[in-house]
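Descriptive analysis of the structure
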Amino acid sequence: MNGKRVTEGPENAERKSGLAPSRQAIDTQLRSILCDVLGLDADDVETFDGDTGLFGHLPELDSMAVAGLLTEMEDRMDIIIDDDDVDGEMLETFGGLLAFAEAKAIEG
């Protein structure tokens, strides 16, 4: 085993069926990734809304953590993130990151 956790949730079932995951499934998965990669408390992350600041607001999300966050998003959400996709705006708030993840999930 390679040490990576395999998550079998509704978002993966939807992907296997050929459907893009629901907004709620993406939201839940993204919150889980933030907790796991950044070591954030799940109760704190649950309170995040669209305007909650991420990069520049969370000390845990520094430039080194961004790479790990994006890699984990790719792995768990079955998406591909190109270098050109990454900018400060998509990492500025939880809402921006969620919108980015949703767009990538739709691209499939």
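Here we summarise the structure given alongside this text. Predicted model, so just to flag it, every value in this text is computed and none were measured.

What about the overall build of the chain?
When you go through the chain residue by residue, the secondary structure sums to six helices and zero strands. Ordered by position in the sequence, the α and β elements of the chain form the string α-α-α-α-α-α. The buried share among the 108 residues of the chain stands at 41%. When contacts within the chain are restricted to residue pairs at least 6 apart in sequence, those whose partners lie at least 24 apart make up 60%. With the model as given, the accessible surface of the chain reaches about 6,400 Å², and the carbon-plus-sulfur share is 51%.

What to know about the nonpolar core
Generally speaking, nonpolar side chains in soluble globular proteins are found buried as a group. Of all hydrophobic cores here, the largest spans 28 residues; its most connected members are Leu34, Phe48, Leu61, Leu69, Met73, Met77 and Leu97. Looking at this core, the elements that each hand over two or more residues are helix H2 (23–38), helix H4 (63–77), helix H5 (88–92) and helix H6 (94–107). Look past the residues within four positions of leucine 61 in its chain and what remains in contact with it is Leu38, Leu54, Phe55, Gly56, Val66 and Leu69.

What about the side chain of aspartate 27?
The residue aspartate 27 is located in helix H2 in this model. Leave out the neighbours within four places in its chain, and aspartate 27 touches Phe94 and Leu98.

Examining the packing of H4 against H6
With their axes 12 Å apart at the nearest point, H4 and H6 run at an angle of 40 degrees to one another. For the element pair H4 / H6, the angle class is oblique. Helix-helix and strand crossings are classified by hand; for H4 and H6 the assignment is right-handed. For the pair H4 and H6, contact is made by Leu69, Met73 and Met77 and by Leu97, Phe100 and Ala101, respectively. Residues of the contact of H4 with H6, tallied by class, amount to six nonpolar, no polar and no charged.

A look at a negative patch on the surface
Taken together, Asp41, Asp43, Asp44 and Glu46 make up a surface patch of like negative charges. Relative to the elements of secondary structure, aspartate 41 occurs in the loop between H2 and helix H3 (42–46). Exposure remark for aspartate 41: the relative accessible area of 41% places this residue in the partly exposed category.

A look at H6
The terminal C-alpha atoms of H6 lie 20 Å apart, and with 14 residues this matches the ideal 20 Å at 1.5 Å per residue to within 8%. Considered for burial, the residues of H6 that qualify are Phe94, Gly96, Leu97, Leu98, Phe100, Ala101, Glu102, Lys104 and Ala105. Once H6 ends, the next one or two residues include glycine 108, with phi positive near 70 degrees.

Reading guide: rules and limits
- Residues numbered from 1 in each chain as written.
- Predicted model: local features only at pLDDT ≥ 70, side-chain atom pairs only at ≥ 80, totals over all residues.
- Heavy atoms only, no water.
- Helix = DSSP H or I, 4+ residues; strand = E, 2+ residues; numbered from the N terminus.
- Buried < 20%, exposed > 50% of the residue type's maximum accessible area, 1.4 Å probe, protein only.
- Contact = heavy atoms within 4.5 Å.
- Areas by Shrake-Rupley, 256 points an atom, 1.4 Å probe, with all protein chains shown as cover.
- Core = buried A, V, L, I, M, F, W, Y, C linked by side-chain atoms within 4.5 Å.
- Axes fitted to C-alpha atoms, helices over the stretch in contact; angles between N-to-C directions.
- Parallel < 35°, antiparallel > 145°, perpendicular 65-115°, else oblique.
- Left-handed = near helix turned anticlockwise from the far one by under 90°.
- Nonpolar A, V, L, I, M, F, W, Y, C, P; charged D, E, K, R; others polar.
- Patch = residues over 30% accessible without salt bridge, like charges linked within 9 Å, V, L, I, M, F, W, Y side chains within 5 Å.
- Salt bridge = Lys/Arg side-chain N within 4 Å of Asp/Glu carboxyl O.
- Lys, Arg positive; Asp, Glu negative; His and termini not counted.
- Charge placed at Lys NZ, Arg CZ, Asp CG, Glu CD.
- Expected span 1.5 Å × (residues − 1).

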